[in-house]
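Structural characterization, general
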Amino acid sequence: FVDHFALPWAAGRAWGLVGQNPYDPAMVQIAEDTISDSGYLGQLPQEKILIHPLVNFFFFLPFSLIPYPISRAIWVVILGIFIVLTVIISLRFSERELSGLGKVGNIALLFLWFPGIYSLLTGHLSPLLIFLMVFGLWSIKLGNYQRAGFILSLTAGSLPLTLFILILAFLWSVARKQWSYVIAYLSGFAFLVTVSVLMLPSWPLDWLRTVVGT
């Protein structure tokens, strides 16, 4: 199976434990060796490039401090939990009344359809990002605009997936003049970028060089 977790794990471990640049090309070999030694039948994606900006490493860094075989298993379990929570919050967001069996059926369907299984097996970050988007939109509906702004700011490191939702949320906040959401979002994003730059000042150029090269 294709493993989207091994390379961020290796980069986060090298950065967190020995201070090595996570965008160093040597991370690819470290990730390949890690998969081989773990006994898992995994392989890196065809494009062996670390495309995540450093702000996304805050999701992976706690797992990078744990040995790969254990952290990989924990990561899959946590992604599964986020898929379940996404279904539950989505049902509340839509105000759709379902029986207990209907809710279980919705959760099972999201697990069993191909994108759900694929995301779990490959360790992709998307289930976590989708949960944050749904939770952020639900917070807007509940009137918790500051919480929504901060939560959605956590997804800003994955713009190809989240850009559409972020644009809609900004347009909504401007139309409703809910500036607290905009302030919370920009403050949260600025905080993440500032902390990441302080921890690794060279990462914006390193990441941009990787993106342009790709």
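Below is a summary of the structure that appears in this document. Computed from a prediction, not measured in an experiment: that's the story for all the values here.

Here Val-77 is to be found in helix 4 (residues 68-94). Given a relative accessible area of 54%, Val-77 falls into the exposed group. Sequence-wise, Val-77 and Leu-120 are 43 residues apart; in three dimensions their C-alpha atoms are separated by 8.2 Å.

Let us look at the side chain of Thr-34. Relative to the elements of secondary structure, Thr-34 occurs in helix 2 (residues 26-38). On the basis of relative accessibility, which here comes to 15%, the residue Thr-34 falls in the buried class. Excluding residues that lie within four positions of it along the chain, Thr-34 makes contacts with Trp-9 and Tyr-68.

A word on the layout of surface pockets. In this model, the largest pocket occupies a volume close to 650 Å³. Considering the residues around the largest pocket, the lining is formed by 30 residues, among which Ile-51, His-52, Pro-53, Asn-56 and Ser-158 are closest to the centre. Looking at the lining of the largest pocket, the elements with two or more residues in it are helix 1 (6-18), helix 7 (126-142), helix 9 (159-176), helix 10 (179-199) and helix 11 (203-213). When grouped by side-chain class, the residues that make up the lining of the largest pocket number 21 nonpolar, seven polar and two charged.

Moving on, we get to the nonpolar core. By size, the foremost hydrophobic cluster in this structure holds 41 residues, and its most contacted members are Phe-5, Leu-7, Leu-44, Leu-54, Phe-57, Trp-75 and Leu-125. The set of elements that each furnish at least two residues to this core consists of helix 1, helix 2, helix 3 (57-64), helix 4 and helix 7. Ignoring anything within four residues of it in the chain, the contact list for Leu-54 reads Trp-15, Pro-22, Tyr-23, Ser-196, Leu-200 and Trp-203. Formed by 11 residues, the second largest nonpolar core is a distinct cluster that contains Met-133, Leu-152, Leu-166 and Tyr-181.

On to helix 1, then. The end-to-end C-alpha distance of helix 1, which contains 13 residues, comes to 17 Å, matching closely the 18 Å that a straight helix rising 1.5 Å per residue would cover. Turning to helix 1, its buried residues number three or more, namely Ala-6, Leu-7, Pro-8, Trp-9, Ala-10, Ala-11, Gly-12, Ala-14 and Trp-15. Looking at the buried residues of helix 1, the elements they touch are helix 2, helix 3, helix 4 and helix 10. One or two steps after helix 1, the chain reaches Gly-19, where phi turns positive at roughly 75°.

Thresholds, definitions, all that
- Residues numbered from 1 in each chain as written.
- Predicted model: local features only at pLDDT ≥ 70, side-chain atom pairs only at ≥ 80, totals over all residues.
- Heavy atoms only, no water.
- Helix = DSSP H or I, 4+ residues; strand = E, 2+ residues; numbered from the N terminus.
- Buried < 20%, exposed > 50% of the residue type's maximum accessible area, 1.4 Å probe, protein only.
- Contact = heavy atoms within 4.5 Å.
- 1 Å grid on protein atoms, 1.4 Å probe; cavity = no way out; pocket = protein on both sides within 12 Å on 5 of 7 lines; lining within 4 Å.
- Points joined across faces, edges and corners; volume = space filled by probe spheres on them.
- Nonpolar A, V, L, I, M, F, W, Y, C, P; charged D, E, K, R; others polar.
- Core = buried A, V, L, I, M, F, W, Y, C linked by side-chain atoms within 4.5 Å.
- Expected span 1.5 Å × (residues − 1).

Bear in mind that shape data such as this cannot, by itself, settle questions of function.
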